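# Structural overview for review
In case you want the letters, here they are:
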Amino acid sequence: MDLTFSEPELAFRDELRTWLADHHPGAEPEGDGDAHYAWRRDFQRRLADDGWAAVHWPREYGGRGATLTQSAIFFEELGRANAPLMANVLGLLLAGPTIMTWGTQEQKDRYLAPILTGEEIWCQGFSEPDAGSDLAGLKTKAVKNGDTWTVTGQKVWTSGAQYSKWCMLVARTDTDAPKHKGLSYFLMDMEQEEVQVRPLRQITGEPEFNELFIDGAKIPDENLLGGEGNGWKVALTTLMNERAGLGFFLQVRLRQMLDSLIEMAAADGSLDDPVIADKLGELHLKAEVLRLTAYRGLSTVEKYGQPGPEGSLTKWMWSETNQQLTQFAADLLGPRALTANDRWAYELLRARGNSIEGGTTEVLKNIVAERVLGLPKAR
Ligand SMILES: Cc1cc2nc3c(=O)[nH]c(=O)nc-3n(C[C@H](O)[C@H](O)[C@H](O)COP(=O)(O)OP(=O)(O)OC[C@H]3O[C@@H](n4cnc5c(N)ncnc54)[C@H](O)[C@@H]3O)c2cc1C
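Here we take up the packing of aromatic side chains. Inspection of every chain in the model, using the stated rule, returns 11 aromatic pairs. Residues Tyr111 and Trp166 carry aromatic rings whose centres are separated by 5.1 Å and whose planes lie at 90° to one another, so their mutual orientation is edge-to-face. Of this pair, Tyr111 sits in helix H5 (residues 105-117) while Trp166 sits in strand S4 (residues 166-172), and the two are 55 residues apart along the sequence. For Tyr111, a relative accessible area of 5% puts it in the buried group. Taking 6.0 Å as the distance between ring centres and 25° as the angle between the ring planes, the aromatic pair formed by Trp122 and Trp166 counts as stacked. With Trp122 in strand S1 (residues 122-125) and Trp166 in strand S4, this pair connects stretches of sequence that are 44 residues apart. Accessibility classification places Trp122 together with Trp166 in one group, the buried group. Ring pairing ties together the aromatic residues Tyr111, Trp122 and Trp166, which thus form one cluster. The lysine or arginine in question, Lys165, covers the ring of Trp166, its NZ or CZ lying 5.1 Å from the ring centre.

The structure is reproduced here in structure tokens:
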């Protein structure tokens, strides 16, 4: 693994740094989630205007055809500049690449451009009340009548559904087939009466995700992606793209939080306490191991063409370290960490979901045990 950047990678980084310095979205707005979302949407529009919204997309679809290392640099620099993630992050990282892989030319022509500009926001309708880790057990049903599918069921934890025009929806289209084979993948229009979005308020107070109640929603057959019965394969493409790239952003955000915690401890003299210094040193080590593991994962993809199980290891390490870091910040701050609107109070509460979203720690540990360590399968 070579960790030095090549000349083209350095040139890419410098061009991006200059752009971010000239087009920084400014400080995060005060106020509710909607104001925050509008800020991120506006930032995405500006990125798209100059061809930076989806560097990993091929040039023909408005991207820059960036290599994996350049994509990692993009997310690292975004984090380093303290810029927010683009509003349509699920469209850019999940829906777009899935449509590029499985879509017809008409679907690519119709859906990709508005993803890039943030004009049409996407959400991911995978999880259900009884199907999360065991996604293939989902029960939402789609029945075909002529050229139209009618969908009935419930989805849950659907992030950003309140802003979304489209949903990546996985539904059961054959109840007799084995559970992985009876699924199909749809591009569902959220703007219809039969789709009700109900916000779920999290421990942070924000309704970041929602319940979707789908009661006879209509989807034209032309919005089926990848063919009937291929939903599991198409969903895997979405899931494989879920962590690629984002890991670098999260890793840099963690580093920034740790640096500001160290600064805080230095300023109030608590860094002189050997127990505190020791704990911060341990967190520093974990942050470095995380960074190097993320790069090792990248090398695997560059070498073998597909992500290895290291992605699961990085996600697990990130969520654990982020939870430890935010808990330690709260211990250092004392009662202030429980004050509403304090940055660290938010980080502490938001970090609780890290070990659930994008794959729970238990499930990731199974993957690491079976596919990295080669231990016997649990099932
Ligand atoms: C902030 C956040 C945002 C999210 N956004 C979305 C979204 O936009 N779209 C979407 O579709 N979903 C989303 N999710 C849902 C997320 O993908 C699921 O919560 C996750 O897959 C776990 O599923 P579950 O909640 O049904 O828990 P379950 O799968 O029921 O798990 C319950 C417990 O059992 C454990 N467990 C399950 N299976 C095994 C096993 N085989 N071995 C050992 N232990 C096991 C789990 O680790 C967990 O502790 C989001 C979740 C969060 C927290």
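Our focus in this paragraph is the state of the cysteines. Here the structure, examined in full by the defined rule, presents 0 disulfides. Note on Cys167: no disulfide assigned, nearest cysteine sulfur contributed by Cys123 at a separation of 3.9 Å. Looking at Cys167, the relative accessible area reads 0%, which means it is buried.

Among the 17 residues in the neighbourhood of the ligand, the closest are listed as Ser127, Ser133, Trp157, Thr360 and Glu362. Residue Ser127 places a main-chain N or O atom 2.7 Å away from an oxygen atom belonging to the ligand. Trp157 is positioned such that a nitrogen or oxygen atom in its backbone is 3.0 Å from a nitrogen atom of the ligand. Out of a free accessible area of 970 Å², the ligand has 66% covered by protein chains. Across the shell around the ligand, the residue classes tally to 5 nonpolar, 9 polar and 3 charged.

Cut-off values and rules
- Residues numbered from 1 in each chain as written.
- Predicted model: local features only at pLDDT ≥ 70, side-chain atom pairs only at ≥ 80, totals over all residues.
- Heavy atoms only, no water.
- Phe/Tyr/Trp six-rings, centres within 6.5 Å; stacked < 30°, edge-to-face > 60°.
- Helix = DSSP H or I, 4+ residues; strand = E, 2+ residues; numbered from the N terminus.
- Buried < 20%, exposed > 50% of the residue type's maximum accessible area, 1.4 Å probe, protein only.
- Lys NZ or Arg CZ within 6 Å of the ring centre and 35° of its normal.
- Disulfide = S-S within 2.5 Å.
- Near = heavy atom within 4 Å.
- Polar contact = N/O pair within 3.5 Å; in protein donor to acceptor, adjacent residues only side chain to side chain.
- Areas by Shrake-Rupley, 256 points an atom, 1.4 Å probe, with all protein chains shown as cover.
- Nonpolar A, V, L, I, M, F, W, Y, C, P; charged D, E, K, R; others polar.

Functional significance is not addressed by these values, which are geometric in nature.
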